[in-house]
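# Structural overview for review
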Amino acid sequence: MTQDRPAGAEVFAGGGDVGRDLLRVDWEQTPLGPPQQWPQSLRTAVSILLSSRFPMWMAWGPQLTFFCNAAYRRDTLGRKYPWALGRPANEVWAEIWDDIGPRIETVLSTGHATWDEALLLFLERSGYTEETYHTFSYSPLRDDDGALVGMLCVVSEETDRVIGERRMATLRDLGSDPSVVRTEAQTLDFAGSQLGRNLRDLPFTLTYLFEPGGVRLAQATGVPVGHPLGHVDKWPTEVVARGDAVVVPLDGDRPAGDWPEPPDEALLVPLLQQGDIPYGFMVAGLNRYRALDESYRGFVELTAGHVAAGIASARSYQAQQRRAEELAELDRAKTAFFSNISHEFRTPLTLIMGPLEELLTRADLADDSVRAELEVIHRNGLRLGKLVNVLLDFSRLEAGRMQARFEPVDLANATAELASVFRSAVERAGLTFEVDTPPLREPVHLDRGMWEKIVLNLLSNALKFTFTGGVRIAVREEAGVATVTVTDTGVGVPTDEMPRLFERFHRIENARSRSNEGSGIGLALVKELVELHGGTITAESTFGEGTTFTIRLPLGIDHLPAGAVTSPSSTAAVTSGAEPYVQEALRWLPGAAPATPDLPPTTKAPATVLVADDNADMRDYLGRLLRSAGHIVQTVPDGQAALEAARVRNPDLIVSDVMMPRLGGLELVAALRADSRTAGTPVLLLSARAGQEASIEGLEAGADDYLVKPFSSAELLARVRANVELARLRNHHSRWRTALIDSLQEAFFVCDEDGVVIETNSTFTDVLGFGPEGLPYPPVHPWWPDHDTDPAAYEQVAEALELLVGQTRGNYTIPVQHRDGHRLWVAAAFNQVADPDTGRRVIVGTFRDVTDEHYAVQRESALAALSVRLSQAESLPGALSGVLPELGELWQAKRVHAAVFNGSGPPTLVTTDEYARWDALTPERRQALTDLRDKPLLTPVADEPGRAGIALEHPDGTMVLSLELREKRPFTEQDRTLLALLAGHLGQGLHRIHQIDEQRETALALQRAILGPAQLPVGFAVRYAPATRPLKVGGDWYDTVTLTDGRIGIVVGDCVGHGLEAATVMGQLRSACRALLLQNTDPAQTLTALDRFAAQLPGAMCATVFCGVLDPATGDLTYASAGHPPAVVARPDGATDLLDQGRSRPLGVRAAADRPEAHYTVPVRATLLLYTDGLVERRRQSLTVGIDRVVAAVQQGRGASLEELATDVMDSMEPATGYDDDVALLLYRQPGPLEVEFPAEATRLAPLRSTLRTWLARCGVDSTTQQNVLVAVGEACANAIEHGHRQLPGGLIRLRAAATAHTLHLTITDTGLWKTPQPAANPHRGRGFALMRALMSEVTVTTGTAGTIVGLQARISR
Amino acid sequence: MSTPLTCSTGRRPDGAVVLTATGEIDMSNAAAFATALTSADGESDGAPFVVDLTRVEYIDSAGLAVLFPHVDRLRLRSNRLLAPVLTIAGLDDITTVSEES
């Protein structure tokens, strides 16, 4: 210890700044005086306070002098620091003394701790009256004597939590609007009803809307209608119109909300509108008891944001309504337009294609980009022409206007020529192409144009659905029928689709193909055309392996209409009609179109658009178009690619074709909606399928918009723009939702039915350290406690997870591990809900960090348990053996050692093990405990894992406590604080027990001194039972006084009352009586003198005393009684006497004459009983009855030894409920027992016999019995001399002889070893033993290591 | 100090040797008593002799033990006090209990 530190500094050591400031306090001016004079209990309390990291303050002494620690200073004290230190607590907390004063009063008067949760207190610590909430517990503090002298407050400030929860509730309620669609007025009414419920944060609000006619008050809360505050000219509207918030001071009449005083300021916040001037503004009256900090401002702004979003939503709903009506109108027009489709198309198409082909053939077309554009136009012109032609074919077929011209054709040759057109396309697709067309014997009558369509359609179809293998076309003739087969090794047709294969407009869903382009009319047309030829077409297919189409055409002309058969023409085998098929097929193949380069965006706020279309031209076209409008475009060839791209980088909008290979547009939408990351991404579907149903199907699937091909570029761009804006607006909601969830003070999470955490908020990250970047978190979650080091905690969390996924709602409190490893306790509540998008069951939960509360509860209960143990203990070792298991259980310790170093010698060890010795510990363990001793007191040490220890003061010296933890679990900061707290408490407790111990010892010694003689003369037995516990004395007494002439004064007395007061009177009376008796040796005179003494002594009046003087040699008794119950004598023959003479009044009652005196001779072997009335007096019972009972008890016990009799009398007289008054009794039997001790020498035998003979004579024993006893005792003593002490000369022999009514009891004790008598080996001694047996009624010999005891009994003849 | 015992030897009128003991006999003086007995036995010269214990107040097994070697030639005179002990020791057949003391 350094010498130059100021006096008392060690009390504040470890207190940091607060410790230093405490040291500066002028303690001399406080009732506590200088620290070096402080009691140990105060020093302990202060050091616990200072070493704790929990906010604590304490008050001590008559003025409740204030102390606090650094955490309290930081969290609560504010500007009152350091002024508050050392001041009376009611000055420090004057403003809340009405609240906390009574609580402290309670603690100090009852010793019971208080507990308040989130109590509202108005503190003056920040320069204004502040609304604060505290959860705290006041525990009593005791001084070294155990008196209540102060209190300790462990406090958690909960202001942030309470206010945060209140605000969050308002925001949550604002967002809880159950109806989807509302008008603006409904929205505002709803918001108003919610805001009106929080008049603490929003004492009043006024919501104004900017309208063409001016500013209108649309909603108000907390303000009555028509209140002057509602006038808009009070507010700086031009500032909020610019979108800025502004604080405005208030005066005049204004509502106060839920507070005693109204707001002094209001915050004006704009109701912001995306990209436009605000919708209006909100005036929020500000709670004067909270500063307008970032959180308060944020709350008001979020509130306003919500109102604005509600307005936006209401207005956008109206706009969408209007647009939906417009779209419906557009659709009707389009339907009409397409229904009017006719061959009129062909003319403009021809006029397009003609000049176009002209242009493409021109040699001066040097610009490649222009050529590329022209080629796109050309290809699509061809395709359009083809589609128009097919449609026309159908309409002609429908109308029966199809004019076929059948001419004889070399089928093999014509088919081969058509097939050759496809060769390059098939081979570019990496497929084999086999054309097997051997010449037929005769021509087949065909319409060349129609046949061309049949073959090309079949080949195109084969190429489209075949990815590996090849395509084969073969021609045969058999049995008058020409057969053409087209075989592929493609994807095949599922069996259930086969019957509908040739159905018009039927397409096989989900078939893997090179393109989803196609109208579904190809095969239907083929079938119609084949049938026009009088032929048939069939298909055989194995799904996954391939398909074979077989056309059978009859030979000859019998089957054909007569007018349709013509002679052969010279028309070329392959017409220009083949080109569109080939061109189309080529576009399906990879590498057919160059990759679309990403062009830089040209607008300032570009949207990212993902385009999915299997048609490369359409992809290119859409890409160019959207880029030209300033969007950032990515293109992909199918739905699957789109889904993958969207998952990598979520675009602002997806433009997708409906029909696509791998994953179609509708499936794409479904997949996007199912994934929370893309659920909100808007999708615009493009489709060639017109009509109401198609568009409804698309929208039902979750698409945001639907556009039917063909469409104008302007229309597409308009739709894209509208959808992007709408999405941004909508995303505003989701952003708002995210902001809301993130602003929750509670941690928030969503998990699926397997317990996989899929969404969290920022508080979640703050509490656990695990952020959204790690999502999803499947169980076992990374914040679970480690299974190996803390299996109990792990099990708790596992149970909680079971609850979470098994119950629809619930809550639990579990230990978890922060990412940085520290232990937390969180209280969670959860609810199962159905995800509105997917319908799946998800669990939404929140939790908060309750570590502080958890440890506060743990601390309280640990302290309580410790206090109970300490209060039960009656001694220091008892206290330790009670407390150690408690500590062990608290920390799940394997064992707990407590070693007390009390100066020299090995320390005293107490452990939770059944038995342990210091020297049985390992040297390492001993060293560790010794090291601990030298550490600062009350400072936990946890240097090695699995162990923790602390040193504290024990009344005998320094004590160290060492915990051996069951698991090698970390010993946390909370554990340390708790250990320090408990150790401090334990130290104080031990100190207190020690003091109580000492006090009790002192009290007992004093009481024994008051009660009676430490050494009774022989022949007496006494009993004493005080009525008042735990006192050992009461108002009764007994006494024996050996007088100078050898007589014995015997006294039994009874002061009025019982308890301590009566005992003090009794002590004085007893001493006085004793002194007087020694002087007077006369009972009557003694009592008379005692009367005078009693008159001087308050409380001594009416005491009763029986005082006698007994000559033990003769049994002569002189006695006098001062109002005392008569003594009882039981003679050996069973007759009884009551010593009821010599009676007079109780003490101090004025005596008219001298007190009388009586004489009695106690017969030999008679038993004399003196007692107080507590022994015999019973309610509702005459005293005589009690006396008769005690007489009978003595009479029956006259054959028992005095001690046995004393016990028997006390037991037999005791009421069932115990004695309710003090009882004293004194027994004597005449004569008293003989007790002689003499050296083991033969020469001592004769004097012994002489003494014994005299005593036996006093016992009234006849001469024969006397002689028998003398011989038996002589033999026993001779044995002791001869055998017991042969090797040990000079040893002592003790003889005790006592008489009962009919028996003599003699005991001869030596310190030697007797041998069992063996008459053969030693006839002489054997004879001695035989003599004893013969002469005595009972002989017992007990030989032990310490010596031999011979017991003899002889009956006394009557 | 030894237990008080005096022994005197004399002859009765019929010539029988009489050893008269007065006092108490215990282990402290049994040897002296034995010596007196031996001397009396020798004096009587093979004839029976008398040990008069009527004035002995106490005798225990140590005293009895020294009587036994002479029991063949011994006649005892005793008082009532000693009778129970002598009876128990099996000496009652050679003992005459005198009634006068």
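Definitions and limits used
- In this convention, every chain numbers its residues from 1, walking through the sequence in written order.
- Chain A is the first chain written and ligand 1 is the first ligand written, with later ones labelled in order.
- pLDDT decides what is reported in this predicted model: residues at 70 or higher carry local features, side-chain atom pairs at 80 or more are listed and counted, and totals for whole chains, interfaces and linings draw on all residues regardless.
- Put simply, DSSP marks the helices as runs of H or I at least four residues long and the strands as runs of E at least two long, and each gets a number from the N terminus on.
- Counting other C-beta atoms within 10 Å of each residue's C-beta, where C-beta atoms are placed from the backbone, gives the exposure class: buried for 20 or more, exposed for 12 or fewer, partly exposed between.
- Placing C-beta atoms from the backbone, we regard two residues as in contact once those atoms come within 7 Å.
- Side-chain classes follow a simple rule in which Ala, Val, Leu, Ile, Met, Phe, Trp, Tyr, Cys and Pro form the nonpolar group, Asp, Glu, Lys and Arg form the charged group, and the remainder, Gly included, forms the polar group.
- Fitted lines through C-alpha atoms serve as axes, helices being fitted only where they are in contact, and the angles separating the N-to-C directions of these axes extend from 0 to 180 degrees.
- Orientation is classified from the angle alone, with under 35 degrees giving roughly parallel, over 145 giving roughly antiparallel, 65 to 115 giving roughly perpendicular, and any other angle giving oblique.
- Left-handed is the label given to a crossing in which the near helix is rotated counterclockwise from the far helix by less than a right angle, and right-handed is the label when the rotation is clockwise.
- When DSSP finds two or more bridges between a pair of strands, those strands are recorded as paired.
- Helix span is expected to be 1.5 Å times the residue number reduced by one.
- By our criterion, buried Ala, Val, Leu, Ile, Met, Phe, Trp, Tyr and Cys residues that link up through C-beta atoms within 7 Å make up a nonpolar core.
- This arc is taken over the directions from the axis of the helix to the C-beta atoms.
- pLDDT runs from 0 to 100 and stands for how confident the predictor is about each residue.

## Regarding the overall build of chain A
Looking only at helices and strands, chain A features 34 helices and 47 strands. Counting every position in chain A, which comprises 1358 residues, the buried fraction comes to 40%. Long-range contacts, defined as pairs at least 24 residues apart, comprise 63% of the intrachain contacts of chain A with a sequence gap of at least 6.

## What about the overall build of chain B?
For chain B, the count of helices and strands is 3 helices and 5 strands. Helices (α) and strands (β) of chain B occur, in sequence order from the N terminus, as β-β-α-β-α-β-α-β. Counting all 101 residues of chain B, 43% fall into the buried class. Across chain B, the fraction of contacts at a sequence separation of at least 24, relative to all contacts at a separation of at least 6, is 58%.

## Concerning the interface of chain B and chain A
Taken together, the contact pairs 19 residues of chain B with 21 residues of chain A. For the side of chain B that touches chain A, the elements supplying multiple residues, two or more each, are α2 (61-67) and α3 (83-88) of chain B. Looking at the side of chain B that touches chain A, its residues break down into 12 nonpolar, 4 polar and 3 charged.

## Quick word on the packing of helix α13 (residues 411-428) of chain A against helix α16 (residues 578-588) of chain A
Residues and elements named next belong to chain A. Between α13 and α16, the shortest axis-to-axis distance is 9 Å and the interhelical angle comes to 20°. Considered as vectors, α13 and α16 are oriented roughly parallel to each other. When the axes of α13 and α16 are compared, the crossing they make is right-handed. Across the interface between the two elements, Leu418, Val421, Phe422 and Ala425 from α13 touch Ala578, Val582, Ala585 and Leu586 from α16. For the contact of α13 with α16, the per-class residue count stands at 8 nonpolar, no polar and no charged.

## Quick look at the sheet that holds strand β1 (residues 5-11) of chain B
Residue and element names in this part refer to chain B. Here 5 strands make up an open sheet; going across it, the order is β1-β2-β3-β4-β5 and the pairing mixed. In the strand order of this sheet, the two ends are held by β1 and β5 (95-97), each with one partner. Neighbour to neighbour, the strand axes of the sheet diverge by 20° on average, direction disregarded. The pairing of strand β3 (residues 49-59) with strand β4 (residues 74-78) spans 4 bridges and is parallel. Each bridged residue has a counterpart across the sheet, and for Phe49 the counterpart in β4 is Leu74.

## Observations regarding the pairing of strand β10 (residues 276-285) of chain A
All names here are of chain A. A large share of β10 lies buried, amounting to 8 of its 10 residues. With 7 bridges joining them, strand β9 (residues 265-273) and β10 adopt antiparallel strand pairing. Looking across to β10, one finds that Leu268 is bridged to Val283. Adjacent in sequence and paired antiparallel, β9 and β10 are bridged by 2 residues, among which Gly275 carries a positive phi angle near 65°.

## Looking at the packing of helix α14 (residues 448-465) of chain A against helix α15 (residues 522-532) of chain A
All names here are of chain A. With their axes 9 Å apart at the nearest point, α14 and α15 run at an angle of 145° to one another. Taken as a pair, α14 and α15 cross one another with a handedness that is left-handed. Between α14 and α15, the residues in contact are Met450, Lys453, Ile454, Asn457, Leu458 and Asn461 and Gly522, Leu523, Leu525, Val526, Leu529, Val530 and Leu532, respectively.

## Remarks on helix α32 (residues 1245-1258) of chain A
Each full turn of the α-helix corresponds to 3.6 residues, which orients residues three or four apart in the same direction. Residues and elements named next belong to chain A. Helix length check: α32, at 14 residues, gives a terminal C-alpha distance of 20 Å against a target of 20 Å (1.5 Å per residue), a fit within 8%. Among the residues of α32, Leu1245, Ala1246, Arg1249, Leu1252, Trp1255 and Leu1256 are the ones counted as buried. A positive phi of about 75° marks Gly1260, the residue just after α32.

## Quick notes on the nonpolar core
As a rule of thumb, nonpolar side chains are buried together in soluble globular proteins. Residue and element names in this part refer to chain A. In this structure, Val1105, Leu1170, Leu1225, Leu1226, Leu1227, Ala1272 and Val1273 are the most contacted members of the largest nonpolar core, which totals 130 residues. Sequence-distant contacts of Leu1170, defined by excluding residues within four places in its chain, comprise Ile1050, Val1052, Phe1106, Ala1127, Leu1225 and Leu1226. Leu42, Leu884, Phe901 and Leu932 belong to the second largest nonpolar core, which has 87 residues in total.

## Some thoughts on the environment of Leu141 of chain A
Residue and element names in this part refer to chain A. Following the sequence through the fold, Leu141 ends up in strand β4 (residues 129-142). Of the residues examined, Leu141 has 23 C-beta atoms within 10 Å and is grouped as buried. In this structure, the C-alpha to C-alpha distance between Leu141 and Ala45, residues 96 residues apart in sequence, is 7.8 Å. Setting aside residues no more than four positions away along its own chain, Leu141 makes contact with Ala45, Met58, Trp60, Val149, Gly150, Met151 and Leu152.

## Structural notes on unusual backbone geometry
All names here are of chain A. For the peptide bond that leads from Pro779 to Val780, omega is 5°, which places it in the cis range. Of note, Val780 is situated in the loop between α22 (762-768) and α23 (791-806). Looking along the chain, the bond that leaves Gln1230 and enters Pro1231 is cis, with omega of -15°. Position of Pro1231 relative to the elements: it lies in the loop between β42 (1223-1229) and β43 (1234-1239).

## Examining the pairing of strand β6 (residues 205-211) of chain A
All names here are of chain A. Pairing geometry for β6 and β10, over 5 bridges, is antiparallel. Residue pairing across strands places Thr207 opposite Met282, the latter belonging to β10. Sheet topology places β6 next to strand β7 (residues 214-221); 7 bridges connect them, and they run antiparallel. Considered in β7, the bridge of Phe210 is made with Val215. Between the end of β6 and the start of β7, which pair antiparallel, lie 2 residues.

## Observations regarding helix α8 (residues 184-195) of chain A
Residue and element names in this part refer to chain A. Between its first and last C-alpha, α8 extends 16 Å over 12 residues, near the 16 Å set by a 1.5 Å rise per residue. Among the residues of α8, Thr187, Leu188, Phe190, Ala191, Gln194 and Leu195 are the ones counted as buried. Buried residues in α8, looked at end-on, bunch into an arc of 160°, giving them a common side.

## So, the environment of Glu1338 of chain A
Residues and elements named next belong to chain A. Note that Glu1338 resides in strand β46 (residues 1338-1344). According to the C-beta neighbour criterion, Glu1338 is exposed, with 12 such atoms within 10 Å. Sequence-wise, Glu1338 and Leu1352 are 14 residues apart; in three dimensions their C-alpha atoms are separated by 5.7 Å.

## Notes on the sheet that holds strand β32 (residues 1020-1025) of chain A
Residues and elements named next belong to chain A. One open sheet accounts for 5 strands, arranged β32-β42-β41-β37-β38; its pairing is antiparallel. Looking at which strands have only one partner, the edges of the open sheet turn out to be β32 and β38 (1136-1139). Strand-to-strand twist in this sheet, taken as the mean axis angle between neighbours without regard to direction, amounts to 15°. With 6 bridges connecting them, β32 and β42 associate as antiparallel partners. Directly across from Arg1023, in β42, lies its bridge partner Leu1225. Contacts between helix α30 (residues 1183-1196) and the sheet are confined to β37 (1127-1130), β38 and β41 (1167-1171), with β37 contributing the most and set at about 35° to the helix.

## Focus on the confidence of the model for chain A
Any region with low pLDDT has predicted coordinates that should not be read closely. Residue and element names in this part refer to chain A. Taken as a whole, chain A shows an average pLDDT of 83; of its residues, 90% reach a score of 70 or greater. For chain A, helix α20 (residues 692-700) is the element with the lowest average pLDDT, namely 65, and β41 is the one with the highest, namely 95. Across residues 592-604, where pLDDT falls below 50, the model places 17 contacts with residues more than four positions away in sequence or in other chains.

## Describing the environment of Met1332 of chain A
All names here are of chain A. Its location among the elements puts Met1332 in helix α34 (residues 1323-1335). Taking the C-alpha atoms as reference points, Met1332 and Val1271, 61 residues apart in sequence, are found 7.5 Å from one another. Met1332 has contacts with Ala1272, Glu1275, Ala1276, Val1339 and Leu1352, leaving out every residue within four places of it along the chain.

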